[in-house]
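# Understanding the architecture of this molecule
Listed below are the residues making up each chain.
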Amino acid sequence: AEETQSVDVLDFENELLDPLYRYWATVPRSMFTLLKAICGGISWEEVVHPLSDVDPTTVGLFIIYILFAELAVLNVITGVFCQNAIDSAQHDKDLVTQSILANKKKYIQQIHKIFNDIDVDNSGTITIQEFKKHLNNVNVKAYFESLELDTSDVWSLFRMMDTDAGNAIDLDEFVAGC
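I will try to describe carefully the structure that is included in this document. (Residues numbered from 1 in each chain as written. Predicted model: local features only at pLDDT ≥ 70, side-chain atom pairs only at ≥ 80, totals over all residues. Heavy atoms only, no water.)

## A few points about the overall build of the protein chain
When you go through the protein chain residue by residue, the secondary structure sums to nine helices and two strands. Helices (α) and strands (β) of the protein chain occur, in sequence order from the N terminus, as α-α-α-α-α-β-α-α-α-β-α. By the burial criterion, 23% of the 178 residues in the protein chain qualify as buried. As presented, the protein chain carries roughly 12,500 Å² of accessible surface, and 60% of it is formed by carbon and sulfur atoms. (Helix = DSSP H or I, 4+ residues; strand = E, 2+ residues; numbered from the N terminus. Buried < 20%, exposed > 50% of the residue type's maximum accessible area, 1.4 Å probe, protein only. Areas by Shrake-Rupley, 256 points an atom, 1.4 Å probe, with all protein chains shown as cover.)

## So, the environment of Thr163
Considering the arrangement of structural elements, one finds Thr163 in the loop between α8 (154–161) and β2 (169–170). Sequence separation between Thr163 and Glu173 is ten residues, and the spatial gap between their C-alpha atoms is 6.6 Å.

## Considering unusual backbone geometry
The phi dihedral of Asn122 falls on the positive side, at around 55 degrees, and the residue is not glycine. Checked against the element boundaries, Asn122 lands in the loop between α5 (56–118) and β1 (125–126). Asn122 gets classed as exposed once you look at its relative accessible area, which sits at 65%.

## A few points about helix α4 (residues 44–54)
Listing the buried residues of α4 in full gives Val47, Val48, Pro50 and Leu51. Seen along its axis, α4 keeps its buried residues to an arc of 160 degrees; they face one direction. Facing away from the buried side of α4, by more than 90 degrees, are the exposed residues Glu45, His49 and Asp53. Elements that come into contact with the buried residues of α4 comprise α2 (19–24), α3 (27–39) and α5. Residue Ser43 occupies the N-cap position of α4, its side-chain oxygen lying 3.3 Å from the main-chain nitrogen of Glu45. (Arc of directions from axis to C-beta. Contact = heavy atoms within 4.5 Å. Polar contact = N/O pair within 3.5 Å; in protein donor to acceptor, adjacent residues only side chain to side chain.)

Laid out in structure tokens, this is it:
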């Protein structure tokens, strides 16, 4: 009985040393070997060599599997990640657009406030006298300078904003001019 037991142990050890048995003996082992081959867990040469001893066709099938897995499947996965990144960037563009529109509303509200400050008689229009008087105001002057408008020539600035040449600037002209 001892002889039988020692032969079984020897056969088992020989089977573990045999690369064909170690990598390809069962379907689960074969699947695990294929997984390790595409994930870099094992050298392709190490697992192909025992296959070449069995049949050269199996080497061809292994190469086709590697090409398919590396080129097709992994490229599809990479494409999905890239598409998600593009979608995320588009979402960011939408957020930037919303932010710009929100800032535009605040900007127009500020212009309305400045217009109302300059229009002291509440006529709905700004005359050259009102305009000239308020250009001496530090806040109004700083605002026009932030728009890169030269406030030194009041008359030219007034004419530029008075698009209908009515000698008065209404709210729409003021907003458009700013």
